[in-house]
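# Geometric and topological summary
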Amino acid sequence: MKYLLHLIFSLLFSNAILAQKVAVFDNYAALEKEVLSDKNTIYVVNFWATWCAPCVKELPYFEKLKSENKSIKVVLVSLDFKDQFESKLLPFVKNKKINSEVVLLTDKDYNIWLPMIDKDWSGSIPATLIIKNDKKFFAERIFSSYEELSEYVNTNIN
């Protein structure tokens, strides 16, 4: 019985810690205000989803970018479904050992927030936004290697 209680407590506690790691935003404006508002920070924001194979394939490149460049803040904005937050997104983040900041954006009013990121964004993912000194650089594309992502980021931040 003692073992069972310990196991239940451990599972509940570990899920609580994990749940704190992934914030949920119902609109892009709130996400922008709370996560992307430091004018002295260079942000690399990747829009992705667990159901998007090309997105999942390039996630390690963003993780490496975060670990190799401490002056950049990598934010992974998941566009997964809100009702799959606990069943799919949280286990994915844990299993992949993602260290970058992960947030879930559930804003379905695409006509409002897509143009806030880039006026020509069709909404396809993966997509990457770089923010530096109020300037935005946007790529609606797949990065095929870490080197390709790193070159794109360094070209736009230097």
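Look a little higher up for the structure.
What this report covers is the structure whose coordinates are included nearby. Source: prediction; values computed, not measured.

### Digging into the overall build of the protein chain
Of the regular secondary structure elements, the protein chain holds 6 helices and 6 strands. In sequence order, the protein chain lays out its α and β elements as α-β-α-β-α-β-α-β-α-β-β-α. Each of the 158 residues in the protein chain was classed as buried or not, and the buried ones make up 43%. Surface accessibility of the protein chain: about 9,100 Å² in total, with carbon and sulfur atoms responsible for 56%.

### Re the packing of aromatic side chains
Centre distance and the angle of the planes are the two values used to describe a pair of aromatic rings. Under the defined criterion, the tally for this structure stands at 9 aromatic pairs. Where Phe143 meets Tyr152, the ring centres are 5.4 Å apart and the plane angle is 45°; that geometry is what we call tilted. Overall, the relative accessible area of 1% leaves Phe143 in the buried class. The exposure class assigned to Tyr152 is buried, which follows from its relative accessible area of 16%. Seen from the ring of Tyr152, Arg141 lies directly overhead, with NZ or CZ sitting 6.0 Å from the centre.

### Looking at the pattern of salt bridges
Under the criterion given, the structure shown has 6 salt bridges. Notably, a salt bridge pairs Asp26 with Lys82, separated by 3.1 Å at the nearest N-O pair. Within this pair, whereas Asp26 is found in the loop between strand 1 (22–25) and helix 2 (28–35), its partner Lys82 is found in the loop between strand 3 (72–78) and helix 4 (85–95), the two being separated by 56 residues in sequence. Overall, the relative accessible area of 48% leaves Asp26 in the partly exposed class. On the basis of relative accessibility, which here comes to 48%, the residue Lys82 falls in the partly exposed class. Here Glu101 ties to Lys73 by a salt bridge, and the two come within 2.9 Å at their closest N and O atoms. Linking Glu101 in strand 4 (residues 101–105) with Lys73 in strand 3, this pair joins segments that are 28 residues apart in sequence. Classification of Glu101 by relative accessible area gives partly exposed; the value is 26%.

### What about helix 6 (residues 146–157)?
Over its 12 residues, helix 6 runs 16 Å from end to end, which matches the ideal 16 Å to within 8%, given 1.5 Å per residue. Where helix 6 is concerned, the buried positions are Tyr146, Leu149, Ser150, Tyr152, Val153, Asn156 and Ile157. Buried residues of helix 6, seen end-on, are gathered within an arc of 160° and therefore sit on one face of the element. The exposed residues of helix 6 that point more than 90 degrees off its buried face are Glu147, Glu151 and Thr155.

### Details of the state of the cysteines
By definition, a disulfide is the covalent link that joins the sulfur atoms of two cysteine residues. What the rule picks out here adds up to 1 disulfide. Across the disulfide from Cys52 sits Cys55; the S-S distance is 2.3 Å. The sign of the S-S torsion, about 75°, decides the handedness of the disulfide formed by Cys52 and Cys55: right-handed. Each of the two residues, Cys52 as well as Cys55, counts as buried.

### Examining the sheet that holds strand 6 (residues 135–139)
Strand pairing in a sheet relies on backbone hydrogen bonds. The paired strands run either parallel or antiparallel. An order of 1-4-3-2-5-6 is seen for the 6 strands of this open sheet, with the pairing classed as mixed. Both edges of this open sheet fall to strand 1 and strand 6, since each of them pairs with a single strand only. Taken pair by pair, the neighbouring strands of this sheet meet at an average axis angle of 20°, ignoring direction. For strand 5 (residues 127–132) and strand 6, the ladder comprises 5 bridges, and the chain directions are antiparallel. Each bridged residue has a counterpart across the sheet, and for Lys132 the counterpart in strand 6 is Lys135. Here helix 2 sits on the sheet in contact with strand 1, strand 2 (42–48), strand 3, strand 4, strand 5 and strand 6, set at roughly 160° to strand 4. Across the sheet, helix 5 (residues 110–117) is in contact with strand 2, strand 4, strand 5 and strand 6; its angle to strand 6 comes to roughly 110°.

Cut-offs used in this document
Residues numbered from 1 in each chain as written. Predicted model: local features only at pLDDT ≥ 70, side-chain atom pairs only at ≥ 80, totals over all residues. Heavy atoms only, no water. Helix = DSSP H or I, 4+ residues; strand = E, 2+ residues; numbered from the N terminus. Buried < 20%, exposed > 50% of the residue type's maximum accessible area, 1.4 Å probe, protein only. Areas by Shrake-Rupley, 256 points an atom, 1.4 Å probe, with all protein chains shown as cover. Phe/Tyr/Trp six-rings, centres within 6.5 Å; stacked < 30°, edge-to-face > 60°. Lys NZ or Arg CZ within 6 Å of the ring centre and 35° of its normal. Salt bridge = Lys/Arg side-chain N within 4 Å of Asp/Glu carboxyl O. Expected span 1.5 Å × (residues − 1). Arc of directions from axis to C-beta. Disulfide = S-S within 2.5 Å. Pairing = 2+ DSSP bridges. Axes fitted to C-alpha atoms, helices over the stretch in contact; angles between N-to-C directions. Contact = heavy atoms within 4.5 Å.

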